[in-house]
Each structure stands twice: as C-alpha cells, then as structure tokens.
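# Coordinates in review
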Number of protein chains: 2
Amino acid sequence: MPCKLIFRQLFEKESSTYTYLLADSLHPDKPALLIDPVDRTVDRDLALVKELGLKLIYAINTHVHADHVTGSGLIKTKVPGVKSIISKASNAKADLFVEPGDKIYIGDIYLEVRATPGHTLGCLTYVTGDGVNQPQPRMAFTGDALLIRGCGRTDFQGGSSDKLYDSVHSQIFTLPKDTLVYPAHDYKGFTVSTVGEEMLYNPRLSKDKETFKNIMQNLNLSYPKMIDIAVPSNMVCGLQETKSDL
Amino acid sequence: MPCKLIFRQLFEKESSTYTYLLADSLHPDKPALLIDPVDRTVDRDLALVKELGLKLIYAINTHVHADHVTGSGLIKTKVPGVKSIISKASNAKADLFVEPGDKIYIGDIYLEVRATPGHTLGCLTYVTGDGVNQPQPRMAFTGDALLIRGCGRTDFQGGSSDKLYDSVHSQIFTLPKDTLVYPAHDYKGFTVSTVGEEMLYNPRLSKDKETFKNIMQNLNLSYPKMIDIAVPSNMVCGLQETKSDL
C-alpha cells in the first residue's frame, strides 16, 4: 500500500529546532499539522503549506519550550481555524489539550499521544499510528525527551532524570526498533535516528538508571538564555500580548 | 517490495552543506556511499557509518565545491579502500571519474549519473535508479545545480546561466514529478523538495530562459569567501598537502 503521508522536516538555525509538517495526501482536503513550529519561521512554514496545497488544521507542541518561542499562536492569527494543541499536564494555554492514549487525526493518518515527562512535566511524544494504512516504519516525534545520541536537560520546568529515564524506556524504547526518531532539536547536523540505534548508542539512555541520573546531575549546563522569555510566552501559545485571540 | 535503502541526510552548519549517506541494507556487507562529505564533519559521518554497521565504499562529490573543503580525501586516509568519485569534466583528482549515463552501485541499489553543468562545468546530479527494486519515489542529489527554491550561482568556475537552465530543464525537470530533490545546501531550513514543486515554485528556474539569465546576471553576490581555499583543495580531494595519498 502506498504511503499517503506528506512529510517535511524543517530546521530553525538559531535554536536548532526541527518543525515537522505532516499531511494526508489522499484526503481531498489534504489536512495537515505542524509539530513544534517556531515563531520566526512561521512565514516559511505557511508558504510551504500553501504551495503544497494543504489545509493546516493543527499547530502542536511537544512541550513548553525554553529555548524558542512557539509559532502556534502566530499561526492562529494568520490561518483562521487552526487549533493549537499541547498536553493537559503542561498547564499551558491551547485550544485542545491531549492526554496519553489520545489520537490526533489528519484525514486517515493519526498521531498517538504518549506521555514522556522528565525534561518537563508535560512533555509528550507523538507517534504515528500502528496499522497497514499508517506510515511504515512508524515515526516518533520525541520533543526533548529523546534527542539523537542525547536527551533534554532535566534541571528546569519540573524536570526529573528519574522520570525521563522511565519515560524513554517505557514509552519510546518499547516501540519497534525501526521506528524513526524525529527530535525537536539537533546540534550536530543529524536529522533522524531510530529506536534501535538509540537503545544501542545513546550515550545517556543506553545506560542503567543510576548511571543516567548521575550523568544528568553532572552536566553543569549554563542557565538557558531564552528561558525567561520563551517559557512565559509559550505558556500562552507564544503570544503574550494578545491573550484574547487565543 | 520493501525499500532496501538506508538513508541519512546530515547537515554541516558552517557552510549549510548537506551530506548524504546511502546504503543497501539487504546486501550482507551493507555497502554504503557518502555524497558531498565535508572535512570538518568526517568524524561524525564515519562514526555513524560504523554504528549502522555499514561498509563505506565510495566518497562522491557532485562538483568541486567553492564554499567548503570536501571530506573525501580525509575519509580515504581513515577508511582504507574507499574510492573517491567526481566527474571527468571537473578536471579534479579522484580515484574514479564518472560520465553521464554511468551507474554507481552499492549492492543492488544504484545512482545514475547525469551531467548538470552551469554552476560549474563539471557539476553532476546523481539520481537513484529506475525500477521496482530501487527507492520509490526516486531521489535526485542535485548538488548546487538545483537548490530548494533556488540554484547555485553561475559567475565562477566555468559557470553559465545558459547551461544551467538547459541542465535543470533537460536532466532534472524531466524526472517524475514526485522525485525527491536533495540539494547540496539549504540556507532556510528546508531539507527536501520535489521535482514537481520546483517546476512550479522555483523563483528562478520556473521562469523562461531569458528571464532566468537576467536574474542570474543581476544577483550582485559578493566574492565567495572560501573559494580561494576550497577550490584548490577540492581539486585534489580536499588534501592538498598529501597528494601522494590520493
């Protein structure tokens, strides 16, 4: 069966963020969603949506980002009808709140919602559906829970290395090994990995839990330079000044 | 038939260069090639080759780059047996020289060589094979001949806007419209396009030839900052000092 997914990975250089565009090409409306859009690249993303003839219906975040301002609020002002989505556990503003086990449909393609707290309390991983009419191999949009050969820090926003270890091992490493891992960031120029690869070669998460916690406790990272701007803004879809529009 | 291709797109931030790793996963040796490796990311690329259990056999360039030093010579010093490949028309050094119509095999998967001069005289586009046991849709590695919504400049290294227009229209725009376009660079965060998209939306190459030539003549670009280092170096596989190793 031919894959019906239109898929684009888009990069924002300043914060090394990946935004993902997914759409169902066989549905007459070509319904689409964006995962983790960035405010400064919204115009690029919306131009692409238009050129591909897609109908954007959701702007989704994996979590409340600390390193860039989400584009979801801005998208809503530019494309009427788009709904923003985030986890209920994030306590952020959005049109729709999702919980573990929920499914987000665009046409016949869906994303399954998995709770992967640890980087933040409300972090989600979105995984494409299980079934012959869904993309093969499956694709996991892991946000900052699992990065390629790395993971998000656990020292802010309700982070917990203990929780993150359990999240990745129970919710991501249990997926088929050929599942494609698409993270929210990459700093070394990688674009994709697989579950099997990360189980073997992730220098943090391939270790036992105590070693992992020890690694995370000793990262000695500096204070995130964007956090005091990005987090308050992202709690309200990236548009602090226009709360009434949300 | 399942796709047998292992494929990775890798990004080098400094020069915004994409390197591509392709391998045949079903062949017992998992033979692999790299297209347009960059000297400064060779260690990253070779670590990935090793982790994926691949046997690197070719380091290929689309052309003599002016903006970064190729990694092909360095790879040859680190992985014995790897052969460097470039076009005969480039007049650069390499182990193997290819011409239009040649096929480069890794296991059962092959790249077809197409001449796409215009950015430089020796520019090639490598296209995955035509057939049910080849990747579907086809993939075109276009170097600087065709960029996403753009193209390489034509004012250096034997460049010609007249030739570039003919190259893209006769060698790339004649491919199936769903052919994936993977360029050597992107500066806006795009990772892939399609032939159909570029035929419609490329702001330069969707125009008629006279308009295109006029656009290219009036770009007013500054002198490429790396050209005096990169070009002489890339003429000898990126390793000027150790010509005897090549």
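Residues numbered from 1 in each chain as written. Chains lettered and ligands numbered in written order. Predicted model: local features only at pLDDT ≥ 70, side-chain atom pairs only at ≥ 80, totals over all residues. Heavy atoms only, no water.

As named in an unreviewed UniProt entry, chain A is persulfide dioxygenase, taken from Solanum tuberosum. The Sequence similarities (unreviewed entry) field of the UniProt record for chain A holds the comment "Belongs to the metallo-beta-lactamase superfamily. Glyoxalase II family." Of chain A, the UniProt comment under Subcellular location (unreviewed entry) reads exactly: "Mitochondrion". (UniProt positions renumbered as here; feature names shortened; annotations may be inferred.)

### Concerning the interface of chain A and chain B
On the chain B side, the residues contacting the 20 residues of chain A number 20 residues. Buried area between chain A and chain B, summed over both chains or domains, comes out near 1,900 Å², and the portion from carbon and sulfur atoms is 51%. Our count for the contact surface shared by chain A and chain B stands at four salt bridges. Applying the counting rule to chain A against chain B returns 16 residue pairs in polar contact (both at pLDDT 80 or more). Considering each element in turn, the side of chain A that touches chain B owes the most residues, four residues, to strand β1 (residues 5-12) of chain A. Of the residues belonging to the side of chain A that touches chain B, the class tally is seven nonpolar, six polar and seven charged. (Contact = heavy atoms within 4.5 Å. Buried area = accessible area lost by both parts, 1.4 Å probe. Salt bridge = Lys/Arg side-chain N within 4 Å of Asp/Glu carboxyl O. Polar contact = N/O pair within 3.5 Å; in protein donor to acceptor, adjacent residues only side chain to side chain. Helix = DSSP H or I, 4+ residues; strand = E, 2+ residues; numbered from the N terminus. Nonpolar A, V, L, I, M, F, W, Y, C, P; charged D, E, K, R; others polar.)

### Here we look at the relation of the copies chain A and chain B
Here chain A sits on chain B after a turn of 180° about the axis and a move of 0.0 Å along it, with an RMSD of 0.0 Å. Accordingly, the operation relating the two chain copies is best matched by a two-fold axis. For chain A, the minimum C-alpha distance to the rotation axis belongs to K13 of chain A and amounts to 4.2 Å. Most of the interface of chain A is mirrored in chain B: 100% of its interface residues are interface residues there too. (Least-squares fit on C-alpha atoms with pLDDT ≥ 70 in both.)

### Details of the UniProt feature "domain: Metallo-beta-lactamase" (unreviewed entry) in chain A
Sites flagged by UniProt as "domain: Metallo-beta-lactamase" (unreviewed entry) map to residues 16-185 of chain A. For residues 16-185 of chain A, the helix share is 17%, the strand share is 31%, and the end-to-end C-alpha distance is 5 Å.

### What to know about the environment of G159 of chain A
All names here are of chain A. The topology assignment puts G159 in the loop between β10 (139-143) and α3 (161-172). C-alpha of G159 to C-alpha of G118: the two residues are 41 residues apart in sequence and 4.8 Å apart in space. Excluding residues that lie within four positions of it along the chain, G159 makes contacts with G118, H119 and T154.

### Observations concerning the pattern of salt bridges
Within this structure, the stated rule accounts for 34 salt bridges over all chains. Here R149 of chain B makes a salt bridge to E51 of chain A, at a shortest N to O gap of 2.5 Å. Placement of the pair is R149 of chain B in the loop between β10 (139-143) and α3 (161-172) and E51 of chain A in helix α1 (residues 42-51), with the two residues belonging to separate chains. Of the charged contacts, one joins E12 of chain B and R40 of chain B as a salt bridge, the two residues approaching to 3.5 Å between their closest N and O atoms. Taken together, the residues span a long stretch of sequence, with E12 of chain B in strand β1 (residues 5-12) and R40 of chain B in the loop between β3 (31-35) and α1 (42-51) at a distance of 28 residues. On the basis of relative accessibility, which here comes to 5%, the residue E12 of chain B falls in the buried class. Judged by relative accessible area, R40 of chain B falls into the exposed class, the value being 56%. What you see here is one network of salt bridges that share partners, running through R8 and E51 of chain A together with R149, E197 and E198 of chain B. (Buried < 20%, exposed > 50% of the residue type's maximum accessible area, 1.4 Å probe, protein only.)

### Regarding the nonpolar core
Soluble globular proteins tend to pack their nonpolar side chains together in the buried interior. One finds I104 and Y126 of chain A together with I104 and Y126 of chain B to be the most contacted residues of the largest nonpolar core, which totals 44 residues. With residues up to four places along the chain from it excluded, the contact list for I104 of chain B reads L33, Y58, I60, I85, V98, I109, Y110, L111, V113 and Y126 of chain B. (Core = buried A, V, L, I, M, F, W, Y, C linked by side-chain atoms within 4.5 Å.)

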